[in-house]
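Report on the structure
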Amino acid sequence: EAQVTQNPRYLITVTGKKLTVTCSQNMNHEYMSWYRQDPGLGLRQIYYSMNVEVTDKGDVPEGYKVSRKEKRNFPLILESPSPNQTSLYFCASSSGGGKLFFGSGTQLSVL
Amino acid sequence: ELKVEQNPLFLSMQEGKNYTIYCNYSTTSDRLYWYRQDPGKSLESLFVLLSNGAVKQEGRLMASLDTKARLSTLHITAAVHDLSATYFCAVIPAGGGADGLTFGKGTHLIIQP
């Protein structure tokens, strides 16, 4: 089954403790991206990647890192999480044309 | 900076009624997308509109695009409860890179029996 898999689904952590949210797709898509969703703000792009070893900032990249060492994986790294990064995070992938396939989301709470 | 505005942001309507959600965007684009999100779920692609005058329909939902007016509409015909969800439009600006979508804030639609 074609899918984008994110883990974990829920995560509670404390300020400053490094964490990684994993994202994997099995559709051989070149394009992958991360969004955060906040009430009243819609979805905002954090980072995107157009291919292996090619990443670029989206609209709200501060406090986040990404890597794309393999085509299928695109982890999101928070080196020193802060409470304002409490949000619902979505990974997405695409073969082009703008039709994104989204993961099931990761609800992150930073205390 | 591309801005995407949806209205209304919240809509409560009765089953059987018709209604339209509007999506305006601020810069030239000929690619517009509609997504649906059920409560607590991920986003699902509904429509891809790639040219001026494009119209797509699926069931009780119909989407259209007017690139000259920078406007897309999502029309709901004879609404049913199962269509309750949040609907997002998203745009890639002309010349924009890859699939960098800018989303509207979403329209939270509640359809009551």
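In the block above lies the structure referred to throughout.
Residues numbered from 1 in each chain as written. Chains lettered and ligands numbered in written order. Predicted model: local features only at pLDDT ≥ 70, side-chain atom pairs only at ≥ 80, totals over all residues. Heavy atoms only, no water.

A short note on the environment of Ala54(B)
All names here are of chain B. In plain terms, the rule: Numbering of helices and strands runs from the N terminus; a helix is a DSSP stretch of H or I covering at least four residues, while a strand is a stretch of E covering at least two. Relative accessibility under 20% of the residue-type maximum defines a buried residue, over 50% an exposed one, and the middle range a partly exposed one, all with a 1.4 Å probe and only protein chains included. When checking whether two residues touch, look at their non-hydrogen atoms; a contact exists if any pair is within 4.5 Å.
Within the secondary structure, Ala54 is located in the loop between strand S5 (43-49) and strand S6 (55-58). Here Ala54 falls in the buried class, since its relative accessible area comes to 14%. Residues Ala54 and Lys105, spaced 51 residues apart in sequence, show a C-alpha to C-alpha distance of 23 Å. Ignoring sequence-local partners within four residues, the contact set of Ala54 consists of Leu49, Ala63, Ser64 and Leu65.

Points about the state of the cysteines
Cysteine pairs can be linked by a disulfide, which is a covalent bond between their two sulfur atoms. Residues and elements named next belong to chain A. Under the convention used in this document: Cysteine sulfur atoms that come within 2.5 Å of each other are treated as a disulfide pair.
In the structure shown here, the tally under the stated rule is two disulfides over all chains. The disulfide partner of Cys23 is Cys91, and the gap between their sulfur atoms is 1.8 Å. Looking along the S-S bond of the Cys23-Cys91 disulfide, the torsion reads about -70°, which is the left-handed sense. With Cys23 in strand S3 (residues 19-25) and Cys91 in strand S9 (residues 87-94), this pair connects stretches of sequence that are 68 residues apart. Accessibility expressed as a relative area gives 2% for Cys23, which makes it buried.

Side note on the sheet that holds strand S8 (residues 71-76) of chain B
Residues and elements named next belong to chain B. Where we set the bar: Pairing between two strands requires that DSSP report at least two bridges joining them. Interaxial angle, 0 to 180 degrees, is taken between N-to-C directions of lines fitted to C-alpha atoms, where a helix line uses only the stretch in contact.
Taken in spatial order, the five strands of this open sheet run S1-S3-S8-S7-S6, and their pairing is antiparallel. Each edge of the open sheet is held by one strand with a lone partner, namely strand S1 (4-7) and S6. Strand-to-strand twist in this sheet, taken as the mean axis angle between neighbours without regard to direction, amounts to 15°. With four bridges joining them, S1 and strand S3 (residues 19-25) adopt antiparallel strand pairing. The residue of S3 that forms the bridge with Val4 is Tyr25.

A short note on the environment of Ser12(B)
All names here are of chain B. Applied cut-off: Identification of polar contacts relies on pairs of N or O atoms within 3.5 Å, with a donor-acceptor requirement for protein atoms, meaning one able to donate a hydrogen and the other able to accept it, and with residues adjacent in sequence counted only if both atoms are side-chain atoms.
With respect to the helices and strands, Ser12 occurs in strand S2 (residues 10-14). Taking the C-alpha atoms as reference, Ser12 lies 11 Å from Ala79; in sequence the two are 67 residues apart. The residues contacting Ser12, other than those within four sequence positions of it, are Ile110 and Gln112. Reaching out from Ser12, the side chain makes a polar contact with the side chain of Gln112 at a distance of 3.2 Å.

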